[in-house]
Amino acid sequence: MGSINSPAPTKSAVKRRRASMAGDPASYLKENELSKLTSMFSKKQNTGAIKKKPEVVQKPENRLLTIDSTRSTNVSIGLTSFKSNNVTVDNVLEAIEGMNSEVLHNPDLLLRIKEMMPNESELKSFSKIRVKDGDTTGGITNTAELFLWNLSRIPDFKKKVNCLLFLSQYASRIESLTERVGLLTEAGNAVMKSTGLKEVMKSILAIGNAMNGGSGSSGHNTRSAGNQPAAIKAFKLSSLLKLSQTKSTDNTATIMDYLLQLLYERTQTQGTTEVDGKAVKALDIENELNGVHACSKFSLSEIKGEVKSMENDIRSMNTIIATIKSSTDILSVFEKQANSVNEQYKKTEVLVSECITLCTDLCKYFSEDETTPHLIFDVLSSFWCYKDKSSYHTEETR
């Protein structure tokens, strides 16, 4: 055994040991161990072959940004109505673009299309969609949105839809307008020419003056010389309705009752009364003013509004014809119908003008507002209808 007190190794001895351990590390590993280590942790050398990066597949842009789910549902419901009209979406789009009034002639269908038309916000969103030649979808997969987008691509689609709608409704609209104008004209002429009405008015004026003692406490009168009351020369038409409200002292009759009795007795005793040189029977007023009641519901301002609306629609229709870029048979059919509308409306326009002039004269005749002839008809109708409630009515006055 060596001595425990043997001297420490010298510095040179330590250096020799470190040198012997600092040799090739591989010398401490077997060949298979070194190979495994290399394969696990060594970086692979670049052999020169460049690998392509995996291609990033971009997802298609979501186009369903222009309409919400509620709007999409409503449009989809509208599209289902096409089938009941025996047309497809493509049929509708082609008919709108070519103004085919033979395909699109149903007013209800055209109203539904009008309700579905894209609004300004949707049109703005659609304008941002860029498509390549031949692309008919614009990347849109939603059926409702695709219809709106294709509709928006048709030039002047709003004017064309409105024009087709007007054409489909024209027959019923012109019939209604002509009927109202005819009834107003007939009733206006009847009132203006009624000799029986003049007899009734004269009788009412005489009764009023008798009751007022010539004082003219109501009506358009003036006082004569010597402060003597002048006779009433006129009264407001609305005063006719007050005749059934003013009662006798015993509350058993009204002035209207008295008037009816007076006219009846005159008819019985005199047979007829002469008015403006003509023999008249005052109680025949009902036959003379037969159409007054119906006209009490017709507003002249509404008729004027309808006329203005139709004129605007016809003007728009003629503009479409002038600007449409087509020479197909479809356009020829539409032009033929449009020409028929123009010709028919010119005749109606004459009737409307005559009716308005007559109603204006009627209002002047009664010193009433020129815009409210229907109120004149309403007063006359209500006034004469009271005879059926009168306590003095007889078989002759029924």
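Given the structure is predicted, the values throughout are model-derived calculations rather than measurements.

Cut-offs applied
- Residues numbered from 1 in each chain as written.
- Predicted model: local features only at pLDDT ≥ 70, side-chain atom pairs only at ≥ 80, totals over all residues.
- Heavy atoms only, no water.
- Helix = DSSP H or I, 4+ residues; strand = E, 2+ residues; numbered from the N terminus.
- Polar contact = N/O pair within 3.5 Å; in protein donor to acceptor, adjacent residues only side chain to side chain.
- Axes fitted to C-alpha atoms, helices over the stretch in contact; angles between N-to-C directions.
- Parallel < 35°, antiparallel > 145°, perpendicular 65-115°, else oblique.
- Left-handed = near helix turned anticlockwise from the far one by under 90°.
- Contact = heavy atoms within 4.5 Å.
- Nonpolar A, V, L, I, M, F, W, Y, C, P; charged D, E, K, R; others polar.
- Phe/Tyr/Trp six-rings, centres within 6.5 Å; stacked < 30°, edge-to-face > 60°.
- Buried < 20%, exposed > 50% of the residue type's maximum accessible area, 1.4 Å probe, protein only.

Now for the side chain of Thr 360. Residue position: Thr 360 is located in helix H14 (residues 329-365). At 2.8 Å, the side chain of Thr 360 forms a polar contact with the backbone oxygen of Ile 356.

Here we come to the packing of helix H4 (residues 89-98) against helix H7 (residues 143-152). One can describe the packing of H4 onto H7 by two numbers: an axis separation of 10 Å at closest approach and a directional angle of 20°. Taken as axis vectors, H4 and H7 run roughly parallel relative to one another. The two elements H4 and H7 cross, and the hand of that crossing is right-handed. Of the residues in H7, those in contact with Val 89, Val 92, Leu 93 and Ile 96 of H4 are Phe 147, Asn 150 and Leu 151. Of the residues assigned to the contact of H4 with H7, the class counts are six nonpolar, one polar and no charged.

Per the counting criterion, the structure on display carries three aromatic pairs. Ring centres of Phe 166 and Tyr 170 lie 5.6 Å apart, and the angle between their planes is 65°; on these two criteria the pair is classed as edge-to-face. Pair noted here: Phe 166 and Tyr 170 are both in helix H8 (residues 157-193), with a separation of four residues, about one helical turn. Tyr 170 shares its class with Phe 166; the two are buried. Each ring, one from Tyr 365 and one from Phe 366, has its centre 5.0 Å from the other, and the planes form 90°; the classification is edge-to-face. The exposure class assigned to Tyr 365 is partly exposed, which follows from its relative accessible area of 42%.

Here the focus is unusual backbone geometry. Positive phi, normally seen in glycine, also occurs at Met 99, with a value near 55°. Here Met 99 lies in the loop between H4 and helix H5 (107-116). Unusually for a residue other than glycine, Ser 367 sits at a positive phi of about 55°. Here Ser 367 is to be found in the loop between H14 and helix H15 (373-385). The class of Ser 367 is exposed, set by a relative accessible area of 57%.

What follows covers the environment of Val 181. Position of Val 181 relative to the elements: it lies in helix H8. Once residues lying within four places of it in the same chain are set aside, the contact partners of Val 181 are Ile 303, Leu 351, Val 352 and Cys 355.

Moving on, we come to the environment of Glu 368. Tracing the sequence through the fold places Glu 368 in the loop between H14 and H15. Residue class for Glu 368 comes out partly exposed when judged on its relative accessible area of 24%. As a C-alpha pair, Glu 368 and Ser 238 span 130 residues in sequence and 9.9 Å in three-dimensional space.

Okay, the packing of helix H3 (residues 69-84) against H5 next. Between H3 and H5, the least distance of the axes is 10 Å, while the angle of their chain directions is 160°. Judged by the inter-axis angle, H3 sits roughly antiparallel to H5. Of the two elements, H3 crosses H5, and the hand of that crossing is left-handed. Mapping the contact onto sequence places Arg 71, Val 75, Ile 77, Gly 78, Leu 79, Ser 81 and Phe 82 in H3 and Leu 109, Arg 112, Ile 113, Glu 115 and Met 116 in H5. Here the contact of H3 with H5 is built from residues that sort into seven nonpolar, two polar and three charged.

Take it as geometry only, folks, not as evidence of what the structure does.
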